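Topology and contacts: notes
Okay, here's what each chain looks like letter by letter:
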Amino acid sequence: MLMKMIADLHIHSRFSMATSKEGTPENLDFWARKKGISLIGTGDFTHPVWREELKERFVSEGNGLYRLRDAYVKEESRKFPGEGTRFVVSGEISSIYKKNGKTRKVHNVILLPSLEAADAMAQRLEKIGNIHSDGRPILGLDSHDLLEMMLDVCPEGILIPAHIWTPHFSVLGAKSGFDSVEECFEELAPYIHALETGLSSDPAMNWRISKLDRYQLVSNSDAHSPSKLGREANLLDIDCSYEGLYRAIQTGEGLEGTVEFLRLVDSMNKIDEVLELLKQRERENEKPKNVILWVLAIVGAVAAVAGIAYAVYRFVTPDYLEDFEEDFDDDFDNDFFSDEDEVQ
């Protein structure tokens, strides 16, 4: 059964560097429900402690996806409609290595159909370098070799080059990337079916480059705290299973588009343009408004003179002096001018 959903597949837990301590399964579930996100990545599957926590708190749906065990669902999460959040095993690898005479720094996202596959992949990666200190491990592993390893461990796995135009840490980055996906992955390039646009680009920017036409364009939040989930995401119409997700990413079947943060910024800029136009029209109508302001100023001056005259009259009438001071000084002077100061 097909299901329309929002999916955010590239996120991080509290075990990655520079992330919020709030990155727990319970909080990720809460924020996903709150934002209407049906499917999110677990993030950081390579980290041993995080992986064990996921095993404890998740229950398998039998289709390659997981959900939070009912005992761990926060009470405030239950007020949101829907069936709850589904999770897919995901992680990001930071590869730093030499290739063709240059230092390459490339981030890749991997999706897997089970925590068991995550165990097997982590065991292989641990032979390369340290996977215990950072949920997004930094390894001296060629992206080509990472893809080859994943296909060997789990042929159903998905590797997606992350935020492909980020200058310093991406496959096409200007500072440490490649000139093409093919240069990076060589003969294994046909196994790359999707590219993550990320916060640094959007689909329209990538459509201008014909050599990227064969790839599905996906995007994710790369959230370092649960509240940032969904700032970029994917719009899917798929069977709610790993197989359905696999088809969407690898073939485009059921991938209906992306949610783009830059587009939201553009919308805000449009609002700014409208406000500027209104200000311009206001300036054009300045003269009639000035006339009205002068009239109001004159009326105010007359009222002020009358008020002063009335005050003098009250002052020379001792019987009324105390009442006048209470009414004028306390109620008018203090209250009115303090309110005016607050407005200013």
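Procedures and definitions
- Residues numbered from 1 in each chain as written.
- Predicted model: local features only at pLDDT ≥ 70, side-chain atom pairs only at ≥ 80, totals over all residues.
- Heavy atoms only, no water.
- Helix = DSSP H or I, 4+ residues; strand = E, 2+ residues; numbered from the N terminus.
- Buried < 20%, exposed > 50% of the residue type's maximum accessible area, 1.4 Å probe, protein only.
- Contact = heavy atoms within 4.5 Å.
- Areas by Shrake-Rupley, 256 points an atom, 1.4 Å probe, with all protein chains shown as cover.
- Core = buried A, V, L, I, M, F, W, Y, C linked by side-chain atoms within 4.5 Å.
- Polar contact = N/O pair within 3.5 Å; in protein donor to acceptor, adjacent residues only side chain to side chain.
- Axes fitted to C-alpha atoms, helices over the stretch in contact; angles between N-to-C directions.
- Parallel < 35°, antiparallel > 145°, perpendicular 65-115°, else oblique.
- Left-handed = near helix turned anticlockwise from the far one by under 90°.
- Nonpolar A, V, L, I, M, F, W, Y, C, P; charged D, E, K, R; others polar.
- Patch = residues over 30% accessible without salt bridge, like charges linked within 9 Å, V, L, I, M, F, W, Y side chains within 5 Å.
- Salt bridge = Lys/Arg side-chain N within 4 Å of Asp/Glu carboxyl O.
- Lys, Arg positive; Asp, Glu negative; His and termini not counted.
- Charge placed at Lys NZ, Arg CZ, Asp CG, Glu CD.
- Phe/Tyr/Trp six-rings, centres within 6.5 Å; stacked < 30°, edge-to-face > 60°.
- Lys NZ or Arg CZ within 6 Å of the ring centre and 35° of its normal.
- pLDDT = per-residue confidence, 0-100.

Turning to the overall build of the chain, a few remarks are in order. Scanning the chain from N- to C-terminus turns up 10 helices and 12 strands. Evaluated residue by residue, the chain yields a buried proportion of 45% over its 344 residues. Summarising the internal contacts of the chain: among those between residues at least 6 apart in sequence, 67% fall at separations of at least 24. Within the structure as shown, the chain displays about 18300 Å² of accessible surface, and the carbon and sulfur contribution to it stands at 56%.

Right, let's talk about the nonpolar core for a bit. With 51 residues, the main nonpolar core has Ile110, Leu112, Met121, Leu125 and Phe185 as its most contacted residues. Going through the elements one at a time, α1 (25-35), α2 (48-57), β4 (66-68), β5 (86-99), β6 (102-112), α3 (115-126), α4 (143-153) and α5 (181-185) are the ones with two or more residues in this core. Per-element accounting of this core gives the leading share, 6 residues, to α3. Look past the residues within four positions of Met121 in its chain and what remains in contact with it is Phe45, Ile110, Leu112, Leu146, Met149, Met150 and Val153. Core analysis: the second largest hydrophobic core is formed by 21 residues, Leu65, Val109, Leu236 and Ile238 among them.

Looking at α4, one finds that the buried residues are Ser143, His144, Leu146, Leu147, Met149 and Met150. Capping the start of α4 is the job of one residue whose side-chain oxygen sits 2.7 Å from the backbone nitrogen of His144: Asp142.

In this section: the packing of α2 against α3. In a pair of packed helices, the angle between the axes and the distance between the axes together describe the arrangement. Their axes nearest at 11 Å, the elements α2 and α3 cross at an angle of 165°. Considered as vectors, α2 and α3 are oriented roughly antiparallel to each other. Crossing geometry of α2 relative to α3 is assigned as left-handed. Residue-level inspection shows Arg51, Leu54 and Lys55 of α2 in contact with α3, the latter providing Leu115, Ala118, Asp119 and Ala122. Classifying every residue of the contact of α2 with α3 gives 4 nonpolar, no polar and 3 charged.

Residues Lys34, Lys35, Lys79 and Lys228 make up a contiguous surface patch of positive charge. Assignment of secondary structure puts Lys35 in helix α1. Using a relative accessible area of 36% as the deciding quantity, one classes Lys35 as partly exposed.

Summed over the entire model, instances satisfying the criterion amount to 6 aromatic pairs. With centroids separated by 4.6 Å and ring planes inclined at 40°, the aromatic side chains of Phe58 and Phe87 adopt a geometry described as tilted. Of this pair, Phe58 sits in strand β3 (residues 58-60) while Phe87 sits in strand β5, placing them 29 residues apart in sequence. Each member of the pair, Phe58 as well as Phe87, is classed as buried. Aromatic ring contacts, followed pair by pair, group Phe30, Trp31 and Phe80 into a single cluster. For the cation-ring pair, Lys74 lies above Phe30, with the distance from its terminal atom to the ring centre recorded as 5.3 Å. The ring of Phe178 carries the charged tip of Arg104 above its face, separated from the ring centre by 4.2 Å.

Taken over all residues, the pLDDT of the chain has a mean of 86, while the share at 70 or more is 77%. A low-confidence stretch, residues 312-344 (pLDDT under 50), is modelled with 16 contacts involving residues beyond four sequence positions or located in other chains.

Turning our attention to the pattern of salt bridges. All chains considered together, the criterion is met by 22 salt bridges. Among the salt bridges present, the one from Glu83 reaches Arg86, with a minimum N-O distance of 3.5 Å. On the basis of relative accessible area, Glu83 is assigned to the exposed category, the value being 64%. When its relative accessible area of 12% is taken as the criterion, Arg86 is described as buried. Within the structure, one salt-bridge network assembled from shared partners comprises Arg14, Glu26, Glu53 and Arg57.

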